[in-house]
Amino acid sequence: MLALNSKIFVAGHRGMVGSAIVRQLEASGHTNIITRTRSELDLTNQQAVLAFFQSEEIEQVYLAAAKVGGIVANNSYPADFIYENLMIQCNIIHSAHLAGIQHLLFLGSSCIYPKLAEQPMQESALLTATLEPTNEPYAVAKIAGIKLCESYNRQYGRDYRSVMPTNLYGAFDNFHPENSHVIPALLRRFHEAKLNNDKEVIVWGSGKPMREFLYVDDMAAASIHVMNLEPSIYDANTEPMLSHINVGTGVDCTIKELVEIVAKIVGFEGEVKFDATKPDGAPRKLMNVDRLKSLGWGYSVSLEDGLAMAYQWFVDNQDKFRE
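Residues numbered from 1 in each chain as written. Predicted model: local features only at pLDDT ≥ 70, side-chain atom pairs only at ≥ 80, totals over all residues. Heavy atoms only, no water.

Asker: Kindly report on the overall build of the chain, identifying the contributing residues and their values.
Answerer: When you go through the chain residue by residue, the secondary structure sums to 11 helices and 13 strands. A compact globule built from 323 residues should have a C-alpha radius of gyration of about 20 Å, and the chain, at 19 Å, falls within 12% of that. Counting only C-alpha atoms, the chain reaches 60 × 40 × 35 Å along its principal axes. Of all 323 residues assigned to the chain, the portion counted as buried reaches 51%. Carbon and sulfur atoms provide 50% of the accessible area of the chain, an area that totals close to 14,700 Å². Taken as two groups, the 28 positive and 38 negative side-chain charges of the chain have centres that lie 2 Å from each other. (Helix = DSSP H or I, 4+ residues; strand = E, 2+ residues; numbered from the N terminus. Rg over C-alpha atoms; globule rule 2.2 N^0.38 Å. Buried < 20%, exposed > 50% of the residue type's maximum accessible area, 1.4 Å probe, protein only. Areas by Shrake-Rupley, 256 points an atom, 1.4 Å probe, with all protein chains shown as cover. Lys, Arg positive; Asp, Glu negative; His and termini not counted. Charge placed at Lys NZ, Arg CZ, Asp CG, Glu CD.)

Right, here's the structure in full:
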């Protein structure tokens, strides 16, 4: 069992997932959590990252740092997404190894799976067919992260694990009007429509695609759970070259249903229209979470409760998101 004063590095601690991991580690009594802002440590700089790891006696690494965004951002900046994520992952994983760090958890994404993967998506679907084109560069980077961890495990005996979250939302999400994911984008759009007394809100796509959503505090809890599993238990439920673990609820809904819940929580009473000329993305993305359940973890926050908490956080912090 890791001592409460052991050094734990959370890369990406200002992001939605990283900040949730820090909150939960602190709540459980950990007193030596190491963080660095982007200005303090450029994770795309190999020499800087190696020097950081060599100067700190870190015992665990949570690799939650990433360049992330929705369909528009992924379509607009494909080179940025593949380059920055590959560099961050390579630098942290390789430098952690060189510094003798045995325990690392890499956070990926459900977009690693083929666009038309059988639903719900099992871990074994990885690398079996073509990816969704709109976020392929990001997905390729995340697949590389999984394989980096597995390769260092196989060659050097490291204990580097990977978790693949479904769509996440919650406190410290990105509420940018153009570069955000679906839930923060909808919360902001409906909130502003309510304030402006708009008669209608237009939502991109047909509303028919199905998506699964997990509250970020649940993701943090799952990450800490997987990180601290005994190696014998982890190894018994994974394979050396298929070691990643899906993290989600195992429950999905249509975008139309999601929009209706958001409108209700925000209090928007106008009309909602769907623009079917805009891209839908994958028709369905539901995680098979049997592997995670067999490892003793399940989600606790319902979609409606989580959306209500996410909206309250946005309202309390909306001055940060003015454009």
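Next comes the rest of the write-up.
Asker: Account for the pattern of salt bridges, naming residues and giving values.
Answerer: For the structure on display, the rule yields 11 salt bridges. Among the ionic pairs, Arg36 bridges to Glu56, the shortest N-O distance being 3.0 Å. With Arg36 in the loop between strand S2 (33-34) and helix H2 (46-55) and Glu56 in the loop between H2 and strand S3 (60-63), this residue pair connects regions lying 20 residues apart in the sequence. Judged by relative accessible area, Glu56 falls into the buried class, the value being 17%. Salt-bridge contacts for Glu304 lead to Lys264; the nearest nitrogen and oxygen are separated by 3.3 Å. With Glu304 in helix H11 (residues 303-317) and Lys264 in helix H9 (residues 255-266), this residue pair connects regions lying 40 residues apart in the sequence. When its relative accessible area of 36% is taken as the criterion, Glu304 is described as partly exposed. Exposure remark for Lys264: the relative accessible area of 61% places this residue in the exposed category. Among the ionic contacts, a cluster of salt bridges with common partners joins Lys7, Arg36 and Glu56. (Salt bridge = Lys/Arg side-chain N within 4 Å of Asp/Glu carboxyl O.)

Asker: If you had to explain the environment of Ile101 to someone new, which residues and values would you point to?
Answerer: Along the chain, the position of Ile101 falls in the loop between helix H4 (78-98) and strand S4 (103-107). A C-alpha to C-alpha distance of 25 Å links Ile101 and Leu292, two positions 191 residues apart in sequence. When neighbours within four sequence positions are excluded, Ile101 is seen to be in contact with Phe53, Ile58, Glu59, Val61, Ala96, Arg158 and Tyr160. (Contact = heavy atoms within 4.5 Å.)

Asker: Before we move on, can you summarise the pairing of strand S5 (residues 159-165) with the specific residues and values?
Answerer: The buried count for S5 comes to 7 of 7 residues, which makes it a mostly enclosed element. Burial along S5 is two-sided: the residues Asp159, Arg161, Val163 and Pro165 and Tyr160, Ser162 and Met164 are all buried. When S4 meets S5, the two strands line up parallel, connected through 5 bridges. Residue pairing for S5: Leu107 is matched across the bridge by Val163. Summarising the sheet, S5 and strand S10 (residues 245-247) pair through 3 bridges and their orientation is parallel. Its bridge partner being in S10, Val163 is matched across the sheet by Ile245. (Pairing = 2+ DSSP bridges.)

Asker: Before we move on, can you summarise the nonpolar core with the specific residues and values?
Answerer: The biggest cluster of nonpolar side chains holds 40 residues, and the ones touching the most others in it are Phe53, Ile92 and Leu104. Among the secondary structure elements, those contributing two or more residues to this core are strand S1 (8-11), H2, S3, H4, S4, helix H5 (136-156) and S5. When sequence neighbours within four positions are dropped, the list of residues in contact with Phe53 reads Phe9, Ile58, Val61, Ile92, Ser95, Ala96, Ala99 and Ile101. Listed in part, the 31 residues of the second largest apolar core include Leu2, Val10, Ala222 and Leu229. (Core = buried A, V, L, I, M, F, W, Y, C linked by side-chain atoms within 4.5 Å.)

Asker: I'd like to hear about the packing of H4 against H5, residue by residue, with values.
Answerer: Two quantities define a packed helix pair, namely the angle between the helix axes and the distance between the axes. At a minimum axis separation of 8 Å, H4 and H5 run at an interaxial angle of 15 degrees. The angle between H4 and H5 falls in the class roughly parallel. The two elements H4 and H5 meet at a crossing, and its hand is right-handed. On H5, the residues that touch Pro78, Phe81, Ile82, Asn85, Leu86, Gln89, Cys90, Ile93, His94 and His97 of H4 are Pro137, Tyr138, Val140, Ala141, Lys142, Ala144, Gly145, Leu148, Cys149, Tyr152 and Tyr156. Here the contact of H4 with H5 is composed, by residue class, of 15 nonpolar, 5 polar and 1 charged. (Axes fitted to C-alpha atoms, helices over the stretch in contact; angles between N-to-C directions. Parallel < 35°, antiparallel > 145°, perpendicular 65-115°, else oblique. Left-handed = near helix turned anticlockwise from the far one by under 90°. Nonpolar A, V, L, I, M, F, W, Y, C, P; charged D, E, K, R; others polar.)

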